[in-house]
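Residue-level structure breakdown
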Amino acid sequence: MTYAEVEIEQVCDTGSGGTPSRAKQDLYFGGTIPWVKSGELRESVITQTEESLTEAGLNESAAKLLPKDALLVALYGATVGRVGILGIEAATNQAVCHIIPDRSRLDHRYLFHALRSKVPYWLSQRVGGGQPNISQGVIKKTKIPLPSLSEQKRIAEILDRAEALRAKRRAALALLDELTQSIFLDMFGDAEVQVSKWPVHKIAEYVNEFQGGKSLESNDDKSSQYRVLKVSAVTGMKFRPEESKPIDDDYEPPEDHYVRNGDLLFSRANTTELVGAVAYVTNCPQNLLLPDKLWRFVWKDKKAVHPLFVWYLFQTRPVRREIGNRATGTSGSMKNISKEKLFGIPTILPPIELQQTFADRIIAIERMQDRLKESLSELNVLFATLQHQAFRGEL
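Treat the numbers as computed from the prediction; the structure is a model and nothing was measured. (Residues numbered from 1 in each chain as written. Predicted model: local features only at pLDDT ≥ 70, side-chain atom pairs only at ≥ 80, totals over all residues. Heavy atoms only, no water.)

Now for the nonpolar core. By size, the foremost hydrophobic cluster in this structure holds 54 residues, and its most contacted members are Tyr-206, Phe-297, Phe-314 and Leu-342. Counting residues per element, this core draws most heavily on helix α8 (residues 307-313), which supplies six residues. When near neighbours in sequence (up to four residues on either side) are disregarded, Phe-314 contacts Ile-203, Tyr-206, Phe-266, Val-278, Phe-297, Val-319, Arg-320, Ile-323 and Leu-342. Among the nonpolar cores identified, the runner-up in size contains 34 residues, and Leu-75, Leu-115, Val-119 and Trp-122 belong to it. (Core = buried A, V, L, I, M, F, W, Y, C linked by side-chain atoms within 4.5 Å. Buried < 20%, exposed > 50% of the residue type's maximum accessible area, 1.4 Å probe, protein only. Helix = DSSP H or I, 4+ residues; strand = E, 2+ residues; numbered from the N terminus. Contact = heavy atoms within 4.5 Å.)

Below, the structure is given as structure tokens:
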């Protein structure tokens, strides 16, 4: 069955919001009217907002009060193209396009899924320089299939159920991440050296060297046998080998520039928030190389320290604070830390037996996470298939 298609503007009212003058903060902000910004669109139902407007803020700006179940699309910003549903009455800023369906012709949940299926198209239509945006004109003219209301509700229910399964997997993964932090806190405390019951050692006492690689130009040849990591391979505190670039095949890297499973990598240069990010290497592809901005921990005595313990230790607030305080640089976008300053940081270092116990628990959790990630990947494929079939009349 093939469904007739209509442009969004034929079956919906669309528009954008506004931002009251910040010069009148007390008069316009802090009221009872929720105010949605583009960064709050996360493909979910929105029931609360970071900021709110007063009646004056609403009436004396381009912001408009929108009904519950209105659809929202981020026009620009970090979440550009993301879709959300209002679970409350609210206003938005100018970076958000609102879409209010004609309820006699459109089910709002069906419209939510239909809009999400159009995100790749919208992103391909972005214009602008540093912060490309989606125009409201593109959204208004976007065509969506329009089956009967009963069929829309049936499709929405199927896609809602599939999405609920994906959400449960994502929630489970998030809980496992929280569990690892809880285990560290339960076993070792918050790693604050001033009040710790554990022995305190400067990093130089258990790390022999921070070994870096070389800055190499990319040749844009995806078939190259060698790839060098980008700093972004560790910024999420998880190893991401896909964050790498190909280099010339005729380059002959030194043996100690290869990245290996079991390495613990450290970012010596990044933004203030991310300098000193660490990641433990697993499932490392062959012929992956260290850049100059990532260092590998080289241990003085492998029997005295476990890399997985140090991985989590370097994510704790006290160690992150020390790294941030010692990093230098005049630019607000890039900070560096020297080996000398890094070696001087004091940290806790519990007995290796406790470190090993912690590592065993982390490994068990990582295995559970791997299974959940595999399941989530399968559900993502299933959802994409259902979505494709739904809007082609094949579901």
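A word on the pairing of strand β15 (residues 264-267). Residues Leu-264 and Phe-266 of β15 are buried on one face, and the alternating residues Leu-265 and Ser-267, pointing to the opposite face, are buried as well. Pairing of β15 with strand β17 (residues 278-280) involves three bridges; the strand directions are antiparallel. Residue pairing for β17: Phe-266 is matched across the bridge by Val-278. With three bridges joining them, β15 and strand β19 (residues 294-299) adopt antiparallel strand pairing. (Pairing = 2+ DSSP bridges.)

Sheet architecture is open: three strands sit in the order β5-β3-β8, paired in mixed fashion. A single partner strand is all that each edge strand has here, and the edge strands are β5 (51-53) and β8 (91-92). Bridge count between strand β3 (residues 29-36) and β8: two bridges; the pairing is parallel. Paired with Trp-35 across the strands is Ala-91, a residue of β8.

All right, on to the packing of helix α4 (residues 108-117) against helix α7 (residues 149-188) then. Where α4 meets α7, the closest approach of the two axes is 8 Å, and the angle between their N-to-C directions is 65 degrees. By the angle between their axes, α4 is roughly perpendicular relative to α7. Considering the relative orientation of α4 and α7, their crossing is left-handed. Taking contact as the criterion, the partners of Arg-109, Tyr-110, His-113 and Arg-116 in α4 are, on α7, Gln-152, Ile-155, Ala-156, Leu-159, Asp-160, Glu-163 and Arg-166. (Axes fitted to C-alpha atoms, helices over the stretch in contact; angles between N-to-C directions. Parallel < 35°, antiparallel > 145°, perpendicular 65-115°, else oblique. Left-handed = near helix turned anticlockwise from the far one by under 90°.)

In spatial order, the strands read β2-β9-β6-β7-β4; together these five strands make up an open sheet with mixed pairing. Only two strands of the sheet have a single partner each, and these edge strands are β2 (12-16) and β4 (45-46). Where α4 meets the sheet, its contacts fall on β2, β4, β6 (71-74), β7 (83-86) and β9 (96-101), and the angle it forms with β7 comes to roughly 165 degrees.

One pass over the full model with this rule turns up 23 salt bridges. The salt bridge involving Arg-321 is made with Glu-192; its shortest N-O contact spans 2.9 Å. You can see Arg-321 sitting in helix α9 (residues 317-326) and its partner Glu-192 sitting in the loop between α7 and β11 (200-202), a full 129 residues away along the chain. Relative accessible area serves as the criterion here: at 36%, Arg-321 is assigned to the partly exposed category. For Arg-268, the salt bridge identified is with Asp-292, shortest N-O distance 3.6 Å. Of this pair, Arg-268 sits in the loop between β15 and β16 (269-270) while Asp-292 sits in the loop between β18 (288-289) and β19, and the two are 24 residues apart along the sequence. Relative accessible area serves as the criterion here: at 18%, Arg-268 is assigned to the buried category. Salt bridges sharing common partners tie together Arg-22, Lys-37, Glu-50 and Glu-51. (Salt bridge = Lys/Arg side-chain N within 4 Å of Asp/Glu carboxyl O.)

What follows concerns the packing of α7 against helix α11 (residues 352-390). Contact pair α7 / α11: the axes reach a minimum separation of 10 Å and the direction vectors enclose 170 degrees. When the axes of α7 and α11 are compared, the pair comes out roughly antiparallel. The interaxial crossing formed by α7 with α11 has left-handed handedness. The residue makeup of the contact of α7 with α11, split by class, is 24 nonpolar, seven polar and seven charged. (Nonpolar A, V, L, I, M, F, W, Y, C, P; charged D, E, K, R; others polar.)

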